[in-house]
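Single-letter residue listing:
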Amino acid sequence: MSQDFQNQSLDNRTVLITGGGSGIGRGIALAFAGAGARVAITGRRREPLDACVGEVEAAGGQGLAVTGDVSNPDDARRMVAETVEAFGGLHVLVNNAGVALGGPLERTRDEDIDAVVDIDLKGPIHVTRAALSALKKHRDSGGAAVINISSSVTFMATRNFSVYSAAKAGLDMLTRCWALDWGEHRIRVNAICPGVVDTPIFSAMPEDKVRELMDNFAAQTPLGRVGNPTDIADLALFLAGPQTPWITGAVIPADGGLSLGR
């Protein structure tokens, strides 16, 4: 976590992070734990969740792993229920779980379309709906926050990523609508739109191909590099913390300027 954010205390507050076992989700979990929050992370695979919770606890934090699929409404309700039962409440929800599937539409399988829409768009709907009653309880004690992890593709048309781009654009609009709907409950809702972030999502590719890909994206980015999970985690921590009580409905690119074009 960057030094500038060390004063973002989240003591005695609980955060639920979907897709929290690796990559951006893991980075967010470690940042929030470092700021004093109790951290619950969810995902479909138990092993990375347990590993991340182990890191949180080794650093002196409190962690909880909850397996489940955000595209399943029953799982979404259970994720929230187990978090509230373990930690006594819920103050911050980070909708991070997602899949990025692309390719020409005419060659896109039905199951891939369903996966993108079900996880990237419907997943945040299921989990946020399940969390809403717990988040509303903090109206008079500092409020609550929802942070949606979107994508910089919503700021520009991207070849062969139409379904993914549309799902993330839908998440951006959900962000604005929810901010309007729940402002009276002091629930702030914002979205972060990462560009290319170097995470284990690329681990299936040969290492030399990954480096070539990262170098190509860095060359296209005005700030000259791809992102890392800390870039996104620090912004999430800022949006959830006490220094941003009047920011809601914002959809913020965090992409090194990639979406500005060239």
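Data block above holds the structure.
To keep things clear, this report deals only with the structure shown in the data block. Computed from a predicted model, the values in this text were never measured in an experiment.

Let's shift gears to helix α3 (residues 73-87). For α3, built from 15 residues, the straight-helix expectation of 21 Å at 1.5 Å per residue is met to within 8% by its first-to-last C-alpha distance of 21 Å. Taken as a whole, α3 has its buried residues at Asp75, Ala76, Met79, Val80, Thr83 and Phe87. Here the buried residues of α3 occupy an arc of 135° about the axis, which is enough to place them on one side. The exposed set on the far side of α3, more than 90 degrees from its buried face, consists of Asp74 and Glu85. The inward-facing, buried residues of α3 abut β1 (14-18), β2 (38-43), β3 (63-67) and α4 (110-136). Put simply, Asn72 is the residue that caps the front of α3, since its side-chain oxygen is 2.8 Å from the backbone nitrogen of Asp74.

On to the environment of Gly102. Along the polypeptide, Gly102 turns up in the loop between β4 (92-95) and α4. Taking C-alpha positions, Gly102 is 7.6 Å from Val163, a pair spaced 61 residues apart along the chain. Once residues lying within four places of it in the same chain are set aside, the contact partners of Gly102 are Asn160 and Phe161.

This part covers the pairing of β1. Burial analysis of β1 places five of its five residues in the buried class, the great majority of the element. Of the two faces of β1, the one lined by Thr14, Leu16 and Thr18 and the one lined by Val15 and Ile17 are each fully buried. In terms of strand pairing, β1 meets β2 through five bridges, oriented parallel. If you follow Leu16 over to β2, its bridge partner there is Ala40.

Where helix α1 (residues 23-34) contacts helix α7 (residues 229-240), the axes come no closer than 8 Å and their chain directions differ by 50°. Relative to α7, the element α1 lies oblique. Crossing geometry of α1 relative to α7 is assigned as right-handed. Facing α1, whose interface residues are Gly23, Ile24, Gly27, Ile28, Ala31 and Phe32, α7 presents Pro229, Ile232, Ala233, Ala236, Leu237 and Ala240. Here the residues of the contact of α1 with α7 sort into 10 nonpolar, two polar and no charged.

For the rest of this paragraph, the subject is the sheet that holds strand β6 (residues 187-194). Overall, parallel pairing links the seven strands, which are arranged β3-β2-β1-β4-β5-β6-β7 in an open sheet. Either end of the sheet is taken by a strand with one partner, and the two such strands are β3 and β7 (251-254). Direction aside, neighbouring strands of the sheet carry axes that sit 20° apart on average. Bridge count for β2 against β3 is five bridges, and the pairing is parallel.

Looking now at the nonpolar core. Within the largest apolar cluster, 34 residues are counted, with the highest numbers of intra-cluster contacts made by Leu16, Val80, Leu90, Val127, Leu135, Ile187 and Val189. Secondary structure elements with two or more residues in this core: β3, α3, α4, β5 (144-149), α5 (162-182) and β6. Contact partners of Leu16, with chain neighbours within four places excluded, come to Ala40, Thr42, Met79, Val80, Thr83, Leu90, Val92, Leu93, Val94 and Val127.

Tallying each qualifying case throughout the model produces two aromatic pairs. Relative to Trp182, the ring of Trp178 has its centre 5.3 Å away and its plane inclined at 20°; by these criteria the two rings are stacked. One end of the pair is Trp178 and the other is Trp182, both in helix α5 and four residues apart, which spans about a single turn. Of the two residues examined, Trp178 and Trp182, each falls in the buried class.

This part is about the packing of α3 against α4. At a minimum axis separation of 8 Å, α3 and α4 run at an interaxial angle of 35°. Taken as a pair, α3 and α4 cross one another with a handedness that is right-handed. Here α3 contributes Pro73, Ala76, Arg77, Val80 and Val84 to the contact with α4, which in turn contributes His126, Val127, Arg129, Ala130, Ala131 and Ala134. Its residues assigned to classes, the contact of α3 with α4 comprises eight nonpolar, one polar and two charged.

Criteria and cut-off values
Residues numbered from 1 in each chain as written. Predicted model: local features only at pLDDT ≥ 70, side-chain atom pairs only at ≥ 80, totals over all residues. Heavy atoms only, no water. Helix = DSSP H or I, 4+ residues; strand = E, 2+ residues; numbered from the N terminus. Expected span 1.5 Å × (residues − 1). Buried < 20%, exposed > 50% of the residue type's maximum accessible area, 1.4 Å probe, protein only. Arc of directions from axis to C-beta. Contact = heavy atoms within 4.5 Å. Polar contact = N/O pair within 3.5 Å; in protein donor to acceptor, adjacent residues only side chain to side chain. Pairing = 2+ DSSP bridges. Axes fitted to C-alpha atoms, helices over the stretch in contact; angles between N-to-C directions. Parallel < 35°, antiparallel > 145°, perpendicular 65-115°, else oblique. Left-handed = near helix turned anticlockwise from the far one by under 90°. Nonpolar A, V, L, I, M, F, W, Y, C, P; charged D, E, K, R; others polar. Core = buried A, V, L, I, M, F, W, Y, C linked by side-chain atoms within 4.5 Å. Phe/Tyr/Trp six-rings, centres within 6.5 Å; stacked < 30°, edge-to-face > 60°.

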